[in-house]
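Summary of the model geometry
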Amino acid sequence: MSNSFISVKQIARETLPRLIDNLVFPNLIYRDTAGAGAAKKGDTVAVRRPVKLTAREFSENDGVTAEGITEECVNVKLDKIATVDAEVSALESALSFDSVTRLFIEPAAAALAEKINNDGLSLYADVPYVAGTAGTTPDALADFSAAALALDNNRVPTSKRCAVWDPTASAAFKQIPALVNAEKCGTTTALRSGSIGEVFGISNYMTQAVKSHTAGTLAPASGNMTLSEAASASNSVKITGTTLTGTLKKGDILTVGGKTCTVTEDAAVADGTITAKVYPAITASSGATVTLTGSHKANLVFHPDAFAFVTRPLSTPAGVESYVTTYNGISLRVVRGYDMKYKREMLSMDVLYSFATLYPELACRYLG
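Predicted model only: the values in this text are computed from it and were never measured. (Residues numbered from 1 in each chain as written. Predicted model: local features only at pLDDT ≥ 70, side-chain atom pairs only at ≥ 80, totals over all residues. Heavy atoms only, no water.)

Pairing within the closed barrel is antiparallel, and its six strands lie in the order 10-11-16-14-13-17. Neighbour to neighbour, the strand axes of the sheet diverge by 40° on average, direction disregarded. (Pairing = 2+ DSSP bridges. Helix = DSSP H or I, 4+ residues; strand = E, 2+ residues; numbered from the N terminus. Axes fitted to C-alpha atoms, helices over the stretch in contact; angles between N-to-C directions.)

As a further point, take the confidence of the model for the protein. Any region with low pLDDT has predicted coordinates that should not be read closely. In this model, the protein carries a mean pLDDT of 86, and residues with pLDDT of at least 70 account for 85%. Segment residues 188–194 is flagged for pLDDT under 50; beyond a separation of four residues in sequence, or across chains, it makes eight contacts in the model. (pLDDT = per-residue confidence, 0-100. Contact = heavy atoms within 4.5 Å.)

As a further point, take helix 1 (residues 8–22). Helix length check: helix 1, at 15 residues, gives a terminal C-alpha distance of 21 Å against a target of 21 Å (1.5 Å per residue), a fit within 8%. Taken residue by residue, helix 1 has Val 8, Ile 11, Ala 12, Thr 15, Leu 16, Leu 19 and Ile 20 as its buried positions. (Expected span 1.5 Å × (residues − 1). Buried < 20%, exposed > 50% of the residue type's maximum accessible area, 1.4 Å probe, protein only.)

What follows is about the side chain of Thr 311. Residue placement: Thr 311 occurs in strand 19 (residues 307–312). Using a relative accessible area of 4% as the deciding quantity, one classes Thr 311 as buried. Looking at Thr 311, its side chain comes within polar contact range of the main-chain oxygen of Gly 329, at 2.4 Å. (Polar contact = N/O pair within 3.5 Å; in protein donor to acceptor, adjacent residues only side chain to side chain.)

Bringing helix 4 (residues 141–153) into the picture now. With 13 residues, helix 4 extends 19 Å between its outermost C-alpha atoms, agreeing within 8% with the 18 Å of an ideal straight helix rising 1.5 Å per residue. Turning to helix 4, its buried residues are Asp 143, Phe 144, Ala 147, Ala 148, Ala 150 and Leu 151. Viewed end-on, helix 4 has its buried residues packed into an arc of 155°, placing them on one side of the element. Exposed residues on helix 4 whose side chains face more than 90 degrees from its buried face are Ala 142 and Asn 153. Trailing helix 4 by a residue or two, Arg 155 shows a phi angle of about 60°, which is positive. (Arc of directions from axis to C-beta.)

Have a look at this one:
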């Protein structure tokens, strides 16, 4: 007989706080909680972008100019469900709810958080603004300064800036004398806890989910790649070169006439040229030099409004024991039911979500 203390309501309420604690990237970005009605995978929801206003100089002669406050929306498809499933029979040996917590709740929360973090950090491909050097691990105070400068150049607000670094970069930062020397920084926190903390106005975090981007293979047999046609505020550029071969991949960084852009769709060479769809739009003359940034770690430095984490509660299925709990904008569903096909009782917990890039200009991809 199944253990009577395995209550889906209690499991849901115990798991959700642990899930939230394990999240990194979703906890640092804008979280859409509007319209929290039940949804299903594949639904499209309208996510309101944070409003941006402009401050102007007051003129006694002209008076004030009222600025219209318009909420813009981005349509986001709820295309992901993170799920962890277990046979109830695997938990029957548990002698208490504490045992269930150890055997299922804590590992499930960690697994769900790992998948959600991994999915969210794929947004790096939308960010065309870069700093650092591909293939070189950031390891100095100068890297924090360069990251801050990249945001400053795009007029990103100086408050609430965050960064997520891969483990190798994080380990290198923790060895910077200025960050760990108590006599210089006035605290031993970095040395005792391994925390990087805030540097140059950026709050820094480590996550194993930072993506490694493998660049496309586009290259000429000799010489440079160039634009074969002039581009005027265009999101499509045509590139040529001597015996040009290879491919471009979504997320590749191109530098065209000194300006960087990100490739938004995979593309391949045809008849000696390649047409790349890019963001932001490029303005450059025919013959402008084009370079492709190499493979790199895609660390991210950003303001929270650059990205959004979107969740909605899943509906409760009929005829089975289920419970949905929501906290701080994140919903978790736990279902306990019987699989008639395989003749076994199952316990399932899942989260419906998606991510969206709202303002890519508020982020910088720091190459490693």
